[in-house]
Amino acid sequence: MAPVKVFGSAVFANAARVMACLEEVGVEYEVVEVDYMAKEHKGLKHLARNPFGQIPTFQDGDIMLFESRAIAKYVLRKYAKSAQDDLLREGNPEEAAMVDVWTEVEAHQYLPAMAPIFYECVVYPARLGTTPNKKVVDESLEKLKKVLDVYEAHLSSTKSKYLAGDFFSFADLNHFPFTFHIMTTTHASLFGSYPHVKAWWERVMARPSLKKISAHMEIKA
């Protein structure tokens, strides 16, 4: 029996974040499907796991957690077996600070610009059969370009392979789920205008853990 459970499959971007961390530290886990279209996530059973009725939730023995970034940090802190697995870099305050900075940037700058594109071009067409709202997408693309300008300048000036330094970290991993989905759309070409960002993303996606999880992330009707 798997030692931990993830409630919600990799189809859900935030669940994919948690699974990627589990793969990085080599922890066996069980995926428990939650039927979103049947609103199972709003049922009493799931609400007992997450009072906000969102996906994913996570169980490790007697502990039940929700909020994917918090779950991911728990996994990395508890199960990292070596310094190489320490994606939070907590053994080095300066490196940990840089990981924190770019983790916050992803949450408060990068994702808010990208999320509307994700929903309009990936989720809604697959789930609802709708056509993307051009106005929403265009406005979000302009916001995303400004964010990518900062990323390009940062990666260019520091000459680092990854966002927090020359090491793959939780900051990089956090960008994986939503960027992966955007890269399945016609807007993937935007990254071609940012050579350092494009090279960084290619390094991120070369991780075996992310290749494995991405194979299960397609959103279908």
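Just so we're clear, the structure is a prediction, and the values are computed from it rather than from any experiment.

Draft legend 1. Up close: the packing of aromatic side chains. Summed over all chains, the structure comprises 12 aromatic pairs. Geometrically, the ring pair formed by F58 and Y74 is edge-to-face, given 5.9 Å between the ring centres and 65 degrees between the ring planes. On the criterion of sequence distance, the pair formed by F58 in strand β3 (residues 57-60) and Y74 in helix α3 (residues 68-79) is long-range, its members being 16 residues apart. Judged by its relative accessible area of 0%, F58 falls in the buried class. Members of the aromatic cluster, each reached through a chain of ring pairs, are W102, Y110, Y151, W200 and W201. We note R89 situated over the ring of F167; from NZ or CZ to the ring centre the distance is 3.9 Å. A cation sits over an aromatic face here: R203 above Y162, 6.0 Å from the ring centre.

Draft legend 2. Here's a closer look at the domain arrangement of the protein chain. Domain parsing of the protein chain yields domain 1 (4-86) and domain 2 (93-212). Put simply, the middle of domain 1 and the middle of domain 2, counted by C-alpha atoms, are 21 Å apart. Both faces considered, domain 1 and domain 2 share a buried interface measuring about 1,400 Å² in area, 62% of it formed by carbon and sulfur atoms. If you sort the residues of domain 1 by the area they bury against domain 2, R17, E24 and R69 come out on top, with a joint share of 37%. The interface formed by domain 1 and domain 2 contains four salt bridges. With a shortest N-O distance of 3.2 Å, E23 and K212 are connected by a salt bridge.

Draft legend 3. Structural context of the sheet that holds strand β4 (residues 63-66). Sheet architecture is open: four strands sit in the order β2-β1-β3-β4, paired in mixed fashion. Unpaired on one side and paired on the other, β2 (29-32) and β4 mark the two borders of the sheet. With strand direction ignored, the average angle separating the axes of adjacent strands in the sheet is 20 degrees. Sheet topology note: the strand β1 (residues 4-7)/β3 ladder contains four bridges and is antiparallel. When the sheet's bridge partners are listed, V4 is paired in β3 with D60. Across the face of the sheet, α3 comes into contact with β1, β3 and β4 while running at roughly 25 degrees to β3.

Draft legend 4. Summary view of a nonpolar patch on the surface. A cluster of nonpolar side chains, Y119, Y124 and L128, forms an exposed patch at the surface whose accessible area comes to about 290 Å². Mapping L128 onto the fold places it in helix α4 (residues 93-128).

Draft legend 5. Structural detail: the packing of helix α1 (residues 13-25) against α3. Put simply, α1 and α3 touch, their axes get as near as 9 Å, and they point 5 degrees apart. Here α1 lies roughly parallel to α3, going by the angle between them. The segment α1 lies against α3, with N14, R17, V18, C21, L22 and V25 engaging S68, R69, I71, A72, V75, L76 and Y79.

Draft legend 6. Looking closely at α1. With 13 residues, α1 ought to run about 18 Å at 1.5 Å a step, and its terminal C-alpha atoms sit 19 Å apart, in line with that. The buried fraction of α1 amounts to 11 of the 13 residues, a majority that puts the element mostly inside the structure. Listed in full, the buried residues belonging to α1 are A13, A15, A16, R17, V18, M19, A20, C21, L22, E24 and V25. Following α1 by one or two positions, G26 adopts a phi angle in the positive range, close to 70 degrees.

Draft legend 7. Fine view of the pairing of β4. Bridge count for β3 against β4 is four bridges, and the pairing is antiparallel. Counterpart to Q59 in the pairing with β4 is M64. With antiparallel pairing between neighbouring strands as the criterion, β3 and β4 make up a hairpin whose turn holds two residues, including G61 at a positive phi of roughly 65 degrees.

Rules of the game
Residues numbered from 1 in each chain as written. Predicted model: local features only at pLDDT ≥ 70, side-chain atom pairs only at ≥ 80, totals over all residues. Heavy atoms only, no water. Phe/Tyr/Trp six-rings, centres within 6.5 Å; stacked < 30°, edge-to-face > 60°. Helix = DSSP H or I, 4+ residues; strand = E, 2+ residues; numbered from the N terminus. Buried < 20%, exposed > 50% of the residue type's maximum accessible area, 1.4 Å probe, protein only. Lys NZ or Arg CZ within 6 Å of the ring centre and 35° of its normal. Domains from an automatic or database assignment. Buried area = accessible area lost by both parts, 1.4 Å probe. Salt bridge = Lys/Arg side-chain N within 4 Å of Asp/Glu carboxyl O. Pairing = 2+ DSSP bridges. Axes fitted to C-alpha atoms, helices over the stretch in contact; angles between N-to-C directions. Contact = heavy atoms within 4.5 Å. Patch = residues over 30% accessible without salt bridge, like charges linked within 9 Å, V, L, I, M, F, W, Y side chains within 5 Å. Areas by Shrake-Rupley, 256 points an atom, 1.4 Å probe, with all protein chains shown as cover. Parallel < 35°, antiparallel > 145°, perpendicular 65-115°, else oblique. Expected span 1.5 Å × (residues − 1).

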